[in-house]
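# Per-entry structural report
Each chain, written out:
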Amino acid sequence: MNTNVSEWYEKKEHIDEMKGWDRGKLKIWEQRVANNFPVRAKILDIGSGMGREAFALYSQGFEVVGLDASKDAVDKANEESLMRNCKLIFYYYDGEHIPFGDGMFEVVIIWSQTFGLLYGKSYKDSFLKECKRVLKPEGLLSYSGHSCNILGSIIMTVLMTINFIHI
Ligand SMILES: C[S@@+](CC[C@H](N)C(=O)[O-])C[C@H]1O[C@@H](n2cnc3c(N)ncnc32)[C@H](O)[C@@H]1O
């Protein structure tokens, strides 16, 4: 195991931070990235799960749409959204074809290491093309993965015109 990872997860401040992960808070670095998003930006949250990031960003005034390949997670997140009386909808899809039109979003986020769940170069390639398609021309893509090498040359060949924020 990478010692940077184990050291990070053993620090008291980070343990305390993790306790809050299920309480709708953004992680420290996620908040730092979100501070760069345009005010009230329309954000597509890919791998939205139970909506931790989506609800937190929504409460900061962003317009958020959740998207996940798990139907159960999407159903539960939508129940939560109804309960909280939020205008936040979570969508289920096939994990490949993003079910939205071209240029609809100012920001796409793929956080919580979800990018690492897109196994294989050709899957990552076509997935990033989909992200680019749904982003506005000056749109931002922010992803997180366990290794900063996971994108490799993909960044250069597929997404040259997208602004990246790597957390
Ligand atoms: C590590 S969890 C993160 C959940 C949420 N973002 C959070 O922090 O609580 C990863 C999520 O990605 C979803 N997922 C996996 N592959 C996906 C894909 N190709 N497209 C969209 N979601 C995917 C899983 O169903 C799961 O909900």
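This text goes with the structure placed above it.
### Side note on the overall build of the chain
If you tally the helices and strands in the chain, you get 7 helices and 6 strands. For the chain, the α and β elements follow one another from N to C terminus as α-α-α-β-α-β-α-β-β-α-β-α-β. Here the chain holds 167 residues, and the buried ones make up 29% of them. Once local pairs closer than 6 in sequence are excluded, the contacts in the chain between residues at least 24 apart make up 63%.

### Here's the deal with the pairing of strand S1 (residues 42–46)
Burial analysis of S1 places 4 of its 5 residues in the buried class, the great majority of the element. As for the winding sense of the linkage, the β-α-β connection from S1 through helix H4 (residues 52–59) to strand S2 (residues 63–68) is right-handed. Across 3 bridges, S1 lies against strand S4 (residues 105–110) in parallel orientation. In the sheet register, Ile43 faces S4, and the bridge partner there is Val107.

### Points about unusual backbone geometry
Even without a glycine there, the phi angle at Arg40 is positive, about 55°. As for its placement among the helices and strands, Arg40 is situated in the loop between helix H3 (28–34) and S1. The exposed category is assigned to Arg40, around which 11 C-beta atoms lie within 10 Å. Look at Asn85: it is not a glycine, yet its phi comes out positive at around 60°. With respect to the secondary-structure elements, Asn85 resides in the loop between helix H5 (71–83) and strand S3 (89–92).

### Some points on the site of the ligand
Neighbouring residues of the ligand: 19 residues in total, closest Gly47, Gly49, Ser70, Gly95 and Ser112. At the level of secondary structure, the elements contributing two or more residues to the shell around the ligand comprise H4 and S2. Across the shell around the ligand, the residue classes break down as 8 nonpolar, 8 polar and 3 charged.

### As for the nonpolar core
By size, the foremost hydrophobic cluster in this structure holds 31 residues, and its most contacted members are Ile43, Leu44, Val64 and Val108. Mapped by element, the contributors of at least two residues to this core are S1, H4, S2, S4, helix H6 (121–134) and strand S5 (135–143). The element best represented in this core is S4, accounting for 5 residues. Beyond its immediate sequence surroundings of up to four residues, Val108 is in contact with Leu44, Ile46, Cys131, Val134, Leu135, Gly139 and Leu141.

### Points about H6
Along its 14 residues, H6 runs 20 Å from first to last C-alpha, staying within 8% of the 20 Å computed at 1.5 Å per residue. Of all the positions in H6, only Phe127, Leu128, Cys131 and Val134 are classed as buried. In a view along the axis of H6, the buried residues occupy a sector of 120°, so they form one face of it. Exposed residues pointing more than 90 degrees away from the buried face of H6 are listed as Ser122 and Lys129.

### Thoughts on H5
End to end, H5 covers 18 Å across 13 residues, agreeing with the expected 18 Å (1.5 Å per residue, within 8%). Asn85, located one to two residues past H5, shows a positive phi value of around 60°.

Definitions and cut-offs
Residues numbered from 1 in each chain as written. Predicted model: local features only at pLDDT ≥ 70, side-chain atom pairs only at ≥ 80, totals over all residues. Helix = DSSP H or I, 4+ residues; strand = E, 2+ residues; numbered from the N terminus. Buried ≥ 20, exposed ≤ 12 C-beta atoms within 10 Å, placed from the backbone. Contact = placed C-beta atoms within 7 Å. Right-handed = clockwise from strand over helix to strand, strands pointing away. Pairing = 2+ DSSP bridges. Near = placed C-beta within 6 Å. Nonpolar A, V, L, I, M, F, W, Y, C, P; charged D, E, K, R; others polar. Core = buried A, V, L, I, M, F, W, Y, C linked by C-beta atoms within 7 Å. Expected span 1.5 Å × (residues − 1). Arc of directions from axis to C-beta.

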